[in-house]
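Understanding the architecture of this molecule
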Amino acid sequence: MSDLIVDAAPRSGTHLVPLGNTGWLLWRESVLRSAGFPATAVLRLGDPALAAAADRDAADFDQVYAAAARRLSASIQAIAQDARFREAVVWQNRRLLNDCLDKAARGEPRNVRGRNHELAIAGYLQRYCVKNDTIGFFGPVGWARWSGGPQRITARPGPRLLARRRVYFEVWAVDAVADALLCDPALRPWVEPRPVTANHRRGTLVNLPDRGLLVLTPAEADLLDLCDGRLSVHEIAARIGAGTDETWTALASLRDRSLIHLDLRSPVEARPEATLRDRLTRISDPAVRERALRMVDRLIGARDAVADAAGDAAAVAAAMDEMNAIFVDTSGVAAQRRHGRTYAGRSLVYEDAVRDVRVDLGADAMAELAGPLGLVLDSARWYVGHAAERYRALFDKIYDQYVSRTGDRGMPLGALVGRATPNLFFSLRETPPPVAAAAAELQHRWARVLRVPPGVRRHAVRIEDITAAGAAEFPGGPPPWPAARHHTPDVMLAADPDALERGDYHWVLGELHAATNTVESRLFVEQHADPAQLLAAAESDYGGQRMYPLPSKESDFVTSRTFPPSALLSPRYTYWALRPDADPAPGEVLPVAAMSVSRTERGLVVRCRGRAGEYDLLHVLGEMLSSAVLNGFKPMAPAPHQPRVTVGRLVLARETWRFPATELDWAHVTSEPDRYRRARAWRADHDLPEHAFYRVAVEDKPCFVDFTSLPLLNLFAKAIRRSAEETPSAAVVVSEMLPDTTQNWLRDAEGDGYAAELRIVALDPSAPAAPPAFDG
């Protein structure tokens, strides 16, 4: 079954549909993110009988607990034996197959080691069942299309869960092999040196970011002229009439001073091994070429063996072991990096998959969502605009301090970025101060719009009753930088298929990623039937105005799956390089060493030496600002208790409770039976739902808790203890599970329901002010 309908010829504007009469436009295609395991499978960890005994303080609780522990051991053993679960864990953490799953599958006792394995298994299972994480076959990518038909939503699954599986290399792994190839002196003449684009050169003078002015000899300048990324060392040597060894030494001197790249590394892309292999095929010496290709092809063959093993955990593990051994033998580098980090690209390869389903979103669904979502998007536009004002004030202050100290009214852009960096960071756990201030004001305004009465558990308003107040609190304005034209809300549906057919459902707002099109991430683009169509859509939206700072390949945020996004691959955009190891780009790259900030009557602008024209500073830094504001959109202010708030058919906020981590004494009880009973009593005291999600400051992602489940409560207690120790001032946040495990509209061919959400790209049709571009 095809998971996507593709227009035959993408045209400007055909990728957009209006969001009712709100003035917003949506991309016609939305990403369908879903779990890869049925939602109800997580209930295997629960024990309602044990919970009931704890709640009634049964005299025979110890006996009931002992029986529950035996049932849990049997469940954990069965889960550890499950073929699909074992394979999912292997793709994420190969070591756990032998160290954890095999031991649990044999029925190990619930001693200290056994309970640790139990916690690991429970943690993975809750993620695979009730979290919309897009990774591998246990989080496949799907696509939904706003069709305009009369129906609300229809989902037609194919005969299989997956339509496609693909395995990709992480770029860092291919780079390690590329570096190892250069240990062969015979290969070095075929390297094609290229200039560092962050530098600004004028004859024999080179300005380097953060390193001042470098003066070249005439011979070095002539040599640098030849490093255009097309000529090889061998060809450069012939041009200057020198030997290749002598030329390599001279080029290495330029490399060591950050003037050129002298390597075989690939850009951040989906198939870096293909780029490396293409470079090697251009080597004219057959012996050198074949020796290098054998090294690369050996690793590619090992990767292909991993892909061929998909569907069999033991076979995948064995193929991974062989691939890792070949990689270490080839590169001399460890086969893992950034252990324990989120979105770190830790392993050599990763798998992405496409779900075998067709989802159509009809006119009725659009009509019911349009008003509430339009107001949410209006508030997101206001929030980003307010954050922009605070960033302008911050940049003005930094600039004024620089001028006061130096007397120079042309502040290097790199220096301004360096001073502002503490306020430009992206974090899943923290918010930069300018963003936090904008988010607080956003919450004040939403409070005035919604007027939630104190003490209620549910608050619902009609969209028509708050439209005027919303317009007053969130007035429109032009996007302050090009990327701010996009916002990407994640929305869910709380309904089973029958309820959906009856129209008995609610939309539920998850996260809204402000000023960002997160569908650009490579994990989505590569799984689209026509990636070029997504690039054409992005190009059309930006109208050639996009300006992007090329990241360092060593950045913690750079991975093959997520960042930088695939839709940057356009020659219509303008790029600028901040670091010497910035990735190459398909369009014009401005050197940061030539870029300076000045004040005009319109505010701070960026100019580039050797080019006419100027850009507004926020236009230049906009992509950085998008990263800063990305996760700061939160309409409801933190409170000890926050009710469920519904606007029309859209649940704007789920019911939420906040507790100081240091006050949750039940989590510190050492006896498991006593801790369980105390947790049940705590849940009852606060009337918490049996199924919920919690967030703690020491974890990047929310986790699921079933208050009847021993292992999931143990995981929750462990997270609370760690949070109380590491971040004692932070809160533990508990929110209702909505949709719950009975409200899963997405089904497979067997009728099992899956957690799912739609990632929608919304476009603000009002274009940002278009300053003159730099003229060459």
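Residues numbered from 1 in each chain as written. Predicted model: local features only at pLDDT ≥ 70, side-chain atom pairs only at ≥ 80, totals over all residues. Heavy atoms only, no water.

What follows covers helix 2 (residues 61-81). Spanning 21 residues, helix 2 covers 30 Å between terminal C-alpha atoms, matching the ideal 30 Å at 1.5 Å per step. Taken residue by residue, helix 2 has F61, V64, Y65, A67, A68, A69, L72, I76, I79 and A80 as its buried positions. If you follow the buried residues of helix 2, they end up packed against helix 1 (48-55), helix 3 (83-92), helix 4 (95-105), helix 5 (112-130), helix 21 (672-685) and helix 22 (710-726). (Helix = DSSP H or I, 4+ residues; strand = E, 2+ residues; numbered from the N terminus. Expected span 1.5 Å × (residues − 1). Buried < 20%, exposed > 50% of the residue type's maximum accessible area, 1.4 Å probe, protein only. Contact = heavy atoms within 4.5 Å.)

Right, let's talk about the sheet that holds strand 20 (residues 603-608) for a bit. Spatial strand order, 12-19-20-21: four strands in an open sheet with antiparallel pairing. Each end of this open sheet is capped by a strand with a single partner; those strands are strand 12 (411-412) and strand 21 (615-616). Here strand 12 runs beside strand 19 (residues 595-600); their pairing, made up of two bridges, is antiparallel. Within strand 19, the residue paired with M411 across the bridge is V597. (Pairing = 2+ DSSP bridges.)

This part takes up the sheet that holds strand 8 (residues 205-208). Taken in spatial order, the three strands make up an open sheet running 7-8-9, and their pairing is antiparallel. Among the strands making up the open sheet, the edge pair consists of strand 7 (200-202) and strand 9 (212-215). Along the sheet, successive strands turn relative to each other by an average axial angle of 20°, direction set aside. Across three bridges, strand 7 lies against strand 8 in antiparallel orientation. Bridged to R201 within strand 8 is V206. (Axes fitted to C-alpha atoms, helices over the stretch in contact; angles between N-to-C directions.)

All chains considered together, the criterion is met by 22 aromatic pairs. With centroids separated by 5.3 Å and ring planes inclined at 15°, the aromatic side chains of Y168 and Y350 adopt a geometry described as stacked. Of the two residues, Y168 is situated in strand 5 (residues 153-169) and Y350 in strand 11 (residues 349-361); the sequence distance between them amounts to 182 residues. Ring geometry for Y542 against Y573: centres 5.9 Å apart, planes inclined by 85°, an arrangement best described as edge-to-face. Here Y542 is found in helix 19 (residues 531-542), whereas its partner Y573 is found in the loop between strand 16 (547-550) and strand 17 (574-577), with 31 residues between them in sequence. Considered together, Y542 and Y573 belong to a single accessibility category, that of buried residues. Chaining the aromatic ring pairs together yields one cluster made of F37, F85, Y124, Y128, F137 and F138. When the ring centre of F37 is taken as origin, the NZ or CZ atom of R84, which lies over that ring, is 4.5 Å away. (Phe/Tyr/Trp six-rings, centres within 6.5 Å; stacked < 30°, edge-to-face > 60°. Lys NZ or Arg CZ within 6 Å of the ring centre and 35° of its normal.)

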